[in-house]
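As a plain string of letters, each chain reads:
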Amino acid sequence: MTAAPTPLITPPPAASVTDNTSGPDDAPILVLQMQRMGDLVLTFPLLAWLRAEHPRRPLWVVGEEKFFQGLMPIGPEAVFFPYAAAHRLRQHRYHLVINLSHRPEAAALAGQLRADAHFGPRQTGEGTGEGAGPGTGAGGGRTTYVHGRWQLYRTSLVHNNRHNQFHWADLNALDCVPASRLRSTDWPAPQHQGRDPQRVGLFLGASEPEKHPGAPFWATLARDLLRRGLKPVLLGGPAEAALGADVARRAGTPALNLCGRFTLPELVAFTRSLRLLVTPDTGPMHVAAWTQTPTLNLSMGPVNAWETAPFPPGHHVLRATISCVGCWRCTQPSVLCRDRFDPVRVASLAHALLREQDAAPALSPASRLARLRLPGLELLRTGRDALGLFDLVPLSSPGGGPEAAPRRLFGLFWKAFWAWRLGLHGEAAARRAWVDLAAASPRLAEALRRALSGLGRDLARALRGLGSGQATLPPDFWHRHPPMLRPLTGYLHMAVQNADATPAAWAEALDLVEALASLTA
């Protein structure tokens, strides 16, 4: 794909899956994405890349019907099936089966399908050594294996994503789409013209209560937007109906409350009338960004903006600068990162973003946004790095103190390390990232070297039983090392398990450790 995401062409009837006439050159590609709305939208880039790479092959997707029915008109050309069609899908041989779901029934289905190549979790028989067993599947005596090194990396991020800077949408594709395709993609910019010049959407809810502000925040934000001459609209699904009524009552203003009023297709159409959507991390945020509606993502709670921010370039993310930001699961007595968001400052930021839209088509870090006072918060813009991968570009001076820049550099270093070791670029780029980190924080660089020495001793103890086939890693292996080293220990732990602790798996683990030691020496 070298231009905007392709619009969907009306798919043929689902019954066509029974026409078992595929040959080796036109065998379908099947993607299993049985998660939430936002996960399905973040699969659209993969579908667009696959369509460009394999224009003659049918592209099929298994998903949740309540989501894909409303999203098909805005997605790339594909045929969608509910999981209930699994018995018909088993009749075919596929070119690729890509499982992006963590549900056990998806892994079981992937294990039952014949394909030239599999990626993601796949349930197989015990002891197959096909790429292997981090956990036991639902079927008796069967084990779930993860196929694909990037899918394995993604699996290693569970409760271990502090330093991850790869977006889910990129990770969906890196095993099965050439890096040159990602690098050459020209994503469309957010569109400002042809929209109501004063209408600002406020999407109130999210999948978890920790991920969105409460009614007092939204009410104050709505009032302040009105004071600035804007027209806030309260948005949400049926689950946000009560919250929307509470916000409208607290605001005491004529803010339009449309929570629970739209079907999914109607919501998609309505967001296209907005100058800006202010939203926590939620499915409608990804829908809006995909359809080129400018978004301001209030990234709070147990989310990592590097993984789940709006994927296309040109959108904005506001998040706290405290040390625990981007966690997998909040362990604090209260949601500290959410407490940093001030509704009056968010209203000021929204107003400034609209002024920037009027002033210039592209924002610059030197613009007025860089001069906004956002204590305890940082403003970022979504973009692309030199590899064509998702990037977050700082637009404001972070208020997180002297540790803010080193933490960003730490994430950039690990991104460069994995891009090197998993084949996206050469060693030189990883070495430059290490030099930048060591120059910014010699103390952290030395701490990583010490932690790496401890890892070497741990691995030496585990390898004593290799000759007798007893080499194993303790259950807490990845977690017993400092967080700065866990991007490596998490992957090592998963990779050794995933290959049934074979000598080849241990050799790869040692090779990774030696590569990091050489880089940081």
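Right above here is the structure, for reference.
Keep in mind it's a predicted model, so treat the numbers as computed, not measured.

Caption draft 1: Just the sheet that holds strand S9 (residues 231-235), in detail. Strand order across the open sheet formed by eight strands is S10-S9-S8-S11-S12-S13-S14-S15, with mixed pairing between neighbours. Looking along the sheet, the strands with just one partner apiece sit at the ends: strand S10 (256-257) and strand S15 (390-394). Where strand S12 (residues 295-299) meets strand S13 (residues 316-320), four bridges bridge the pair, whose relative direction is parallel. Looking at S13, one finds that Leu296 is bridged to His316.

Caption draft 2: Highlighting unusual backbone geometry. The backbone of His159 shows a phi angle near 60°, a positive value even though the residue is not glycine. Mapped onto the secondary structure, His159 falls in the loop between helix H6 (149-155) and helix H7 (168-171). In this structure, Asp500 takes a positive phi of about 55° despite not being glycine. Mapped onto the elements of the fold, Asp500 is located in the loop between helix H19 (486-498) and helix H20 (503-520).

Caption draft 3: Local environment of the nonpolar core. Among the nonpolar cores identified, the biggest contains 96 residues, and Leu71, Ile98, Trp414, Phe417, Trp418 and Leu488 are the most heavily contacted of them. The biggest single contributor to this core is helix H18 (residues 442-463), with 10 residues. Judged by nonpolar contacts, the second largest core, of 40 residues, contains Phe217, Ala219, Leu296 and Leu349.

Caption draft 4: Quick look at the packing of H18 against H20. Close contact between H18 and H20 brings their axes to 11 Å; oriented N to C, the two are set at 160°. Relative to H20, the element H18 lies roughly antiparallel. The interaxial crossing formed by H18 with H20 has left-handed handedness. Counting all contacts with H18, which are made through Leu448, Arg449, Leu452, Leu455, Leu459, Ala462 and Leu463, the residues of H20 involved are Trp506, Leu510, Val513, Leu516, Ala517 and Thr520. Grouping the constituent residues of the contact of H18 with H20 by class yields 11 nonpolar, one polar and one charged.

Caption draft 5: Seen up close, H18. Helix length check: H18 (22 residues) gives 32 Å between terminal C-alpha atoms against 32 Å at 1.5 Å per residue, within 8%. Residues of H18 that are buried include every one of Leu444, Ala445, Ala447, Leu448, Ala451, Leu452, Gly454, Leu455, Asp458, Leu459, Ala462 and Leu463, and no others.

Here is what the cut-offs are and how they apply
- Residues numbered from 1 in each chain as written.
- Predicted model: local features only at pLDDT ≥ 70, side-chain atom pairs only at ≥ 80, totals over all residues.
- Heavy atoms only, no water.
- Pairing = 2+ DSSP bridges.
- Helix = DSSP H or I, 4+ residues; strand = E, 2+ residues; numbered from the N terminus.
- Core = buried A, V, L, I, M, F, W, Y, C linked by side-chain atoms within 4.5 Å.
- Buried < 20%, exposed > 50% of the residue type's maximum accessible area, 1.4 Å probe, protein only.
- Axes fitted to C-alpha atoms, helices over the stretch in contact; angles between N-to-C directions.
- Parallel < 35°, antiparallel > 145°, perpendicular 65-115°, else oblique.
- Left-handed = near helix turned anticlockwise from the far one by under 90°.
- Contact = heavy atoms within 4.5 Å.
- Nonpolar A, V, L, I, M, F, W, Y, C, P; charged D, E, K, R; others polar.
- Expected span 1.5 Å × (residues − 1).

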